[in-house]
Amino acid sequence: MDYQGETIAAIATPVGVGGIGIIKISGGNAESIARKVFRSKRTIRSFDAFRLYLGHIIDPKSNLPLDEVLLSVMHAPFSYTREDVVEINSHSGYTILSNILQIILQAGARLAKPGEFTLRAFLNGRIDLTQAEAIIDLINAKSDMSVRLAASQLAGGLGRRIEEIRHVLIEILATIEASIDFPDEEPATTTRSHIADRINKELLKPIKEFIAAHTQRKIWHEGTAVVIVGRVNVGKSSILNRLLQEERAIVTPIPGTTRDVLECTVNIEGLPLRLIDTAGIRKVKGKVEQKGVDLTKTQLALADFTLLVIDRSRPLNQYDLELLHEVDKESTIVVINKIDLPAKLSEKKITSTFKYLPRVNVSALTGTGFKGLRQAIFTRVMDTGKDTSPTSIIPNLRHTMALTEAAEFLENASTGLINGFPWETAAADLSWAKDALDQITGRRTTGEVLDTIFSRFCLGK
Ligand SMILES: Nc1nc2c(ncn2[C@@H]2O[C@H](COP(=O)(O)OP(=O)(O)OP(=O)(O)O)[C@@H](O)[C@H]2O)c(=O)[nH]1
Ligand SMILES: [Mg+2]
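Below, the structure is looked at part by part.

Considerations on the site of ligand 1
- With respect to spatial proximity, 23 residues lie near ligand 1, and among them Ser238, Gly256, Thr257, Thr258 and Asp340 are the closest.
- In the model, an oxygen atom of ligand 1 is placed 3.2 Å from a nitrogen or oxygen of the Asn233 main chain.
- At a separation of 2.9 Å, an oxygen atom of ligand 1 approaches a polar backbone atom of Ala364.
- Here ligand 1, which alone exposes 640 Å², has 90% of that area covered by the protein.

This is the structure we're talking about:
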């Protein structure tokens, strides 16, 4: 990407018909470009920052007003990009917005690339890389909880912790370098073990905690995939509808109603879940319908959690047992359905068959037991993401890779010190660990990394 100098412009609001559309201009010439295209009672030069002024965008060809707009200016460094910024609130429609943008581009601005405003905010030091990533997460957030996590990262939570760790690292590195500079004063073994101890406690411990927290990220940000399996007609689709609190999947008394895989998103106590309904396992003309079975197996492999549905109004058969064999015992809840009907399956039989698995009794027909089922799903999902609190800091994959790299260097430094390796070795390891940490906040970065991060943005952000 070419970062510097040019003044850029883009439509910042979603394209389409709406009340208001916003066009953003950022860069040294933002104001002079705006002066060429905007007419009002007062000159832009006299405008106070952060206030809206009424005027018109003028079509340079006809010299006639194109739209009545509100314009605001923000002066560097007090803006999103830390550059001079002008924002134009116009009416929103694809043609009017693109016509205004066209006029602004003709007046000397360049069309901004996706994420370029935020990239400038980063390059100009207003935010670090973790905050830039938090902005994308915030825009893409699918649940209350992922909004909260992204907001805490945007507020600088992760970046600050990394900087704190970095600060301690530099302090330890300085101690070691002093030993290199004054070799005659080679410290005693206790000093070596003391420094190794500090590396372990003050650097490695918090870094490893961050790495462990990464596994929780998927739960909050991407949503947990919960697949509903069971033999034909046990009530899988009815259960999905109950959990969604709407009639999404087709329910009929005819066995084999669901043929395809159906996926819907639902929130349970702030947890985003992707519920997946599958075709029931059954026999067709003497053979088990292979396609359905294969599809269900694929879904089982892809899912994070499984609801194994059993119909209590019918005795168990081989398909129930086959599915029980297939599911991952660590991530399955057995849902005993149709408890409104007379039981053909004794409690004793149920207990002996599903021994260690968590079980919930429900009736998808009456709604009995669904509060308990929601609670059970929540508990089971949270169990795998222990200690996840909405305020905790959760690194993404990029951060986690850098943290893992830093941890390896720190391990080397620490064991090297204990084993009497030269001080230089430890110093080099610590310095590499620092470089790894610096990739997280973007103190050290490459154009390639920046391109990858900022290309995930939409136009106009
Ligand atoms: N009495 C009673 N009937 C239920 C209950 N749950 C589902 N049913 C009925 O059982 C039949 C099958 O329900 P579905 O939800 O379509 O079952 P399914 O497992 O999705 O079936 P397939 O997609 O064909 O495999 C329908 O007639 C439902 O109304 C329940 O808790 N009690
Ligand atoms: Mg179904």
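Here's the deal with the sheet that holds strand β8 (residues 224-230)
- A sheet is described by the order of its strands in space; here six strands give the open sequence β9-β10-β8-β13-β14-β15, paired in mixed fashion. Lying at the two open borders of the sheet, with one neighbouring strand each, are β9 (262-268) and β15 (359-361). Adjacent strand axes in the sheet meet at a mean angle of 25°, parallel and antiparallel pairs treated alike.
- Here strand β13 (residues 305-311) pairs with strand β14 (residues 332-337) via six bridges, running parallel. In the sheet register, Val309 faces β14, and the bridge partner there is Val335.
- Contacting β8, β10 (271-277) and β13, helix α10 (residues 290-302) crosses the sheet at an angle of about 150° to β8.

Examining the packing of aromatic side chains
- On inspection of all chains with the given rule, the structure shows five aromatic pairs.
- Arranged with centres 6.2 Å apart and planes meeting at 85°, the rings of Phe38 and Phe47 form a pair that is edge-to-face. The same class applies to Phe38 as to Phe47, namely buried.
- With 3.8 Å between their ring centres and 10° between their planes, Phe47 and Tyr53 make a pair best called stacked. Taken individually, Phe47 and Tyr53 each receive the classification buried, so the pair is uniform in this respect.
- Site record: aromatic cluster; members linked through ring pairs are Phe38, Phe47 and Tyr53.
- Positioned over the ring face of Tyr80 is Lys461, at 4.3 Å from the centre of the ring.

Quick look at the environment of Arg198
- For Arg198, the position within the fold is in helix α7 (residues 189-213).
- Considered as a pair, Arg198 and Leu321 are 123 residues apart in the sequence and their alpha carbons are 54 Å apart.
- Every residue in contact with Arg198, bar those within four places of it in the chain, is listed here: Val168, Glu171, Ile172 and Leu203.
- A distance of 3.2 Å separates the side chain of Arg198 from the side chain of Glu171, its partner in a polar contact.

Looking at the environment of Ser143
- By the element assignment, Ser143 lies in the loop between α4 (129-140) and α5 (144-154).
- Along the primary structure Ser143 and Glu222 are separated by 79 residues, whereas in three dimensions their C-alpha atoms are 9.1 Å apart.
- In contact with Ser143, not counting residues within four places along its chain, are Trp220, Asn267, Gly270 and Pro272.

Procedures and definitions
- Residues numbered from 1 in each chain as written.
- Chains lettered and ligands numbered in written order.
- Predicted model: local features only at pLDDT ≥ 70, side-chain atom pairs only at ≥ 80, totals over all residues.
- Heavy atoms only, no water.
- Near = heavy atom within 4 Å.
- Polar contact = N/O pair within 3.5 Å; in protein donor to acceptor, adjacent residues only side chain to side chain.
- Areas by Shrake-Rupley, 256 points an atom, 1.4 Å probe, with all protein chains shown as cover.
- Pairing = 2+ DSSP bridges.
- Helix = DSSP H or I, 4+ residues; strand = E, 2+ residues; numbered from the N terminus.
- Axes fitted to C-alpha atoms, helices over the stretch in contact; angles between N-to-C directions.
- Contact = heavy atoms within 4.5 Å.
- Phe/Tyr/Trp six-rings, centres within 6.5 Å; stacked < 30°, edge-to-face > 60°.
- Buried < 20%, exposed > 50% of the residue type's maximum accessible area, 1.4 Å probe, protein only.
- Lys NZ or Arg CZ within 6 Å of the ring centre and 35° of its normal.

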